[in-house]
Amino acid sequence: MRLVLVLGDQLSPNLSALKKADKDTDVVVMAEVADEASYVPHHPKKIAFTFMAMRKFAKRLRDDGWQVDYTTLDDPDNTGSITGELIRRASNHDAAGVVYTEPGEWRLIEALAEMPLKSHCLPDTRFIATHKEFEDWAEDRKQLRMEYFYREMRRKTGLLMDGDKPEGGKWNYDHDNRKPAPDQVEFDGPLKFTPDNAVIDLVADRFDDNFGDLQPFWFATDADQAQEQLSHWIAGGLPKFGDFQDAMLQDQPFLYHSLISFYINAGLLDPLEVCKQVADAYDNGDAPLNAVEGFIRQIIGWREYMRGIYFLEGPDYTARNGLDHSRDLPDLYWGGDTQMNCLAQAVKQTREHAYAHHIQRLMITGNFALLAGVDPAQVHEWYLAFYADAYEWVEAPNVIGMSQFADGGIIASKPYISSGNYIHKMSDYCGSCAYRVQDKTGEKACPFNLLYWHFLDRHRDRFEGNPRMGNMYRVWDRMDAEKRETVLAEADAWLDKLDDGQGV
Ligand code: FAD
Ligand code: DLZ
Ligand code: SF4
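Residues numbered from 1 in each chain as written. Chains lettered and ligands numbered in written order. Predicted model: local features only at pLDDT ≥ 70, side-chain atom pairs only at ≥ 80, totals over all residues. Heavy atoms only, no water.

Participant: How would you sum up the pattern of salt bridges? Please name residues and give values.
Facilitator: One pass over the full model with this rule turns up 31 salt bridges. For arginine 89, the salt bridge identified is with aspartate 69, shortest N-O distance 3.7 Å. In this pair, arginine 89 is assigned in helix 4 (residues 82-93) and aspartate 69 in strand 3 (residues 67-71), connecting sequence segments 20 residues apart. The pair formed by arginine 89 and aspartate 69 is uniform in burial state, with each residue classed as buried. (Salt bridge = Lys/Arg side-chain N within 4 Å of Asp/Glu carboxyl O. Helix = DSSP H or I, 4+ residues; strand = E, 2+ residues; numbered from the N terminus. Buried < 20%, exposed > 50% of the residue type's maximum accessible area, 1.4 Å probe, protein only.)

Participant: Please provide a residue-by-residue account of the packing of aromatic side chains, values included.
Facilitator: Summed over the entire model, instances satisfying the criterion amount to 39 aromatic pairs. Aromatic side chains phenylalanine 49 and phenylalanine 219 sit 5.8 Å apart centroid to centroid with 70° between the ring planes, which places their arrangement in the edge-to-face category. You can see phenylalanine 49 sitting in helix 3 (residues 44-63) and its partner phenylalanine 219 sitting in the loop between helix 8 (197-206) and helix 9 (223-236), a full 170 residues away along the chain. Note on tryptophan 382 and tyrosine 383: the rings are 5.0 Å apart at their centroids and 85° apart in plane angle, and the pair reads as edge-to-face. Classification of tryptophan 382 as buried rests on a relative accessible area of 1%. Taken together, the aromatic side chains of Phe49, Phe217, Trp218, Phe219, Phe254, Phe262, Tyr263 and Tyr355 make up a single cluster linked through ring pairs. The ring of tyrosine 39 carries the charged tip of arginine 107 above its face, separated from the ring centre by 3.5 Å. Over the aromatic face of phenylalanine 127 sits the side chain of arginine 307, whose NZ or CZ is 3.8 Å from the ring centroid. (Phe/Tyr/Trp six-rings, centres within 6.5 Å; stacked < 30°, edge-to-face > 60°. Lys NZ or Arg CZ within 6 Å of the ring centre and 35° of its normal.)

Participant: Tell me what's going on with the sheet that holds strand 5 (residues 119-122), and back it up with residues and numbers.
Facilitator: What the 5 strands build is an open sheet, ordered 3-2-1-4-5; its pairing is parallel. Taken across any chain shown, the strands that pair with only one partner, and hence form the sheet edges, are strand 3 and strand 5. Strand after strand, the sheet turns through a mean of 25° between neighbouring axes, direction not considered. As judged from the 3 bridges shared by strand 1 (residues 3-5) and strand 2 (residues 27-31), these two strands associate in the parallel manner. The partner of leucine 5 across the bridge, within strand 2, is valine 29. Docked against the sheet, helix 4 engages strand 1, strand 2, strand 3 and strand 4 (98-101), running at close to 135° with respect to strand 3. (Pairing = 2+ DSSP bridges. Axes fitted to C-alpha atoms, helices over the stretch in contact; angles between N-to-C directions. Contact = heavy atoms within 4.5 Å.)

Participant: Describe the site of ligand 2, listing the residues and the values that go with them.
Facilitator: Not every one of the 19 residues close to ligand 2 is listed here, only the nearest: Gly8, Asp9, Ala31, Val33 and Glu36. The side chain of aspartate 9 places a nitrogen or oxygen atom 2.6 Å from an oxygen atom of ligand 2. In this structure, an oxygen atom belonging to ligand 2 sits 2.7 Å away from a side-chain N or O atom of glutamate 36. Protein contact buries 100% of the 490 Å² of open area that ligand 2 shows by itself. For the shell around ligand 2, the secondary structure elements donating two or more residues are helix 2 (34-38), helix 3 and helix 5 (106-113). Grouping the constituent residues of the shell around ligand 2 by class yields 10 nonpolar, 4 polar and 5 charged. (Near = heavy atom within 4 Å. Polar contact = N/O pair within 3.5 Å; in protein donor to acceptor, adjacent residues only side chain to side chain. Areas by Shrake-Rupley, 256 points an atom, 1.4 Å probe, with all protein chains shown as cover. Nonpolar A, V, L, I, M, F, W, Y, C, P; charged D, E, K, R; others polar.)

Participant: Describe the side chain of serine 16, listing the residues and the values that go with them.
Facilitator: Along the chain, serine 16 turns up in helix 1 (residues 16-20). On the accessibility criterion, serine 16 (10% relative accessible area) is buried. Every residue in contact with serine 16, bar those within four places of it in the chain, is listed here: Thr101, Leu122, Pro123, Asp124 and Thr125.

Participant: Tell me about the site of ligand 1, and name the residues and values.
Facilitator: Not every one of the 27 residues close to ligand 1 is listed here, only the nearest: His257, Ser258, Leu259, Asn265 and Tyr355. For ligand 1, a nitrogen atom lies 3.3 Å from a polar atom in the side chain of glutamine 298. Contact with the protein chains covers 99% of the free accessible surface of ligand 1, which is 810 Å². For the shell around ligand 1, the elements supplying multiple residues, two or more each, are helix 11 (261-266), helix 13 (289-313), helix 15 (358-372) and helix 17 (392-403). At 6 residues, the largest contribution of residues to the shell around ligand 1 is made by helix 13.

Participant: Could you give an account of the packing of helix 6 (residues 131-138) against helix 7 (residues 146-157), with specific residues and numbers?
Facilitator: One can describe the packing of helix 6 onto helix 7 by two numbers: an axis separation of 11 Å at closest approach and a directional angle of 135°. Regarding the angle of helix 6 to helix 7, the classification is oblique. The way helix 6 lies across helix 7 gives a crossing that is right-handed. Across from Glu133, Phe134 and Trp137 in helix 6, the residues of helix 7 making contact are Tyr148, Phe149, Glu152 and Lys156. Looking at side-chain class alone, the contact of helix 6 with helix 7 contains 4 nonpolar, no polar and 3 charged residues. (Parallel < 35°, antiparallel > 145°, perpendicular 65-115°, else oblique. Left-handed = near helix turned anticlockwise from the far one by under 90°.)

Participant: Explain the domain arrangement of the chain to me, and be specific about the residues and the numbers.
Facilitator: Domain annotation for the chain reports domain 1 (3-122), domain 2 (131-189 + 237-312) and domain 3 (331-499). If you average the C-alpha positions of domain 1 and of domain 3, the two centres end up 39 Å apart. Counting from both sides, the interface comprises 11 residues of domain 1 and, opposite them, 15 residues of domain 3. At the boundary of domain 1 with domain 3, total buried surface from both sides reaches about 1200 Å², with 58% on carbon and sulfur atoms. Taken together, domain 1 and domain 3 are joined by 0 salt bridges. The interface formed by domain 1 and domain 3 contains 8 residue pairs in polar contact (both at pLDDT 80 or more). The residue makeup of the side of domain 1 that touches domain 3, split by class, is 4 nonpolar, 3 polar and 4 charged. (Domains from an automatic or database assignment. Buried area = accessible area lost by both parts, 1.4 Å probe.)

The structure is reproduced here in structure tokens:
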């Protein structure tokens, strides 16, 4: 007999390791372990979600005829690590070896490869592109761009294709997806489910000091509930998803977003199946093309592309620091006081829900860290810990690459930076802020305005020649010399206050 490992983000009945195993002779191993629960100080909701979903999945496997050796976190025999549990279970059963599906983090891939047990690692087939397909696509290209990879994935899946042409005549409708914040949101947000109170008690007891609110807990924790959430969103949220994808509203964390990344990444929903249901909504006339294409692009385009880059670039990707940034992550990321309303909103929401939508992650918390020159490794760890959908394969390319430009431009062709103007256009945050978004200098000047020019000025050598940034430098150069000096001096003074822990 062999052991079959199922990790906390591999909760899919069609997992390659399960497909390869024999339910009459092999034993499934699942384990809640201290190593996985604390390699970063995860948000308590993320830990609770993982344990609840793991426990339900173990029951499902048992109901389906599998023998499952499940270790709870408080089991006195728990060795504290995935490899420790496999070695312990292998010795109990005198197992011939271990079959497992490739994990989504190099850390665990390496630990499993070094384990003193005969083991067989299978590819994770829950993705649309294999590693080989991505490598072949990337080979010999001077520059990798998501858009071209996405078109390959459209052709491969046949999603939104009209023969060999894109549905509607265009591959990408992003241009229609940038409407500013609506006055009112007409969708009632994610469905709320009842939690497993035994897990709530366990997490409350063991992870009390972690940043983030455990309660109220409402995530879906099995495949049926996740599907309910998907159907609920397709009916109510999808039609306006495209229009308001980039918008942000005070105290409205969810807008028209799907809130399914937790479920897809943990294996409760299959990405291709999700896209087919969304494409059906278009075929049935229930959702417009800009919404449907925009959504499908995120899944078969961005999500697959990020994974491709993570595995292509290798284990050192998370240590990259292409812009030599070294500031410590400010206290405000851990709930410390700030007068910047946009940041306070994004952090509050993250603390409450272990969730923020894409533009909040990119253009609020990410943008600020980049402008302020924060050490990307600390930014990476923050995102990995606090978002319930965060596993390194998807989080690191988004943070190190897309958001912090720390990979030197593999993912992004220019840094995602903006002054307060963009935030003002896309949200209603600035109206309730102690700073004034229209002030470029002075005591009340929006810090994003000061830091934007500070960033461009200090990285002039790196970005001046970038064709997509020439305009920005021309605007800066046309500014009165005295004004430029004032901006830089005020930005420096503001950063000093930030470093001193003074209320900013
Ligand atoms: P929706 O807005 O409804 O989008 C639909 C789906 O598209 C998502 O569920 C997700 O599966 C997929 N998707 C959208 N954008 C991306 C993307 N850039 N990369 C991968 N998948 C995408 N996503 C994660 O799943 N895990 C992360 O750890 C993560 N970290 C991020 C860090 C930063 C700095 C940024 C800018 C983005 C990050 N994203 C991450 C991508 C994106 O923000 C989330 O997938 C999205 O906010 C999840 O919410 P949703 O399900 O409501 O998504
Ligand atoms: C995120 C997470 C947490 C918090 N705890 C566990 C756990 O106790 N046992 C487990 O098998 N998986 C857990 N996970 C998910 C893993 O960290 C994830 O499988 C790896 O990071 C690879 O993506
Ligand atoms: Fe954020 Fe500046 Fe707007 Fe305040 S004024 S909410 S700091 S963008």
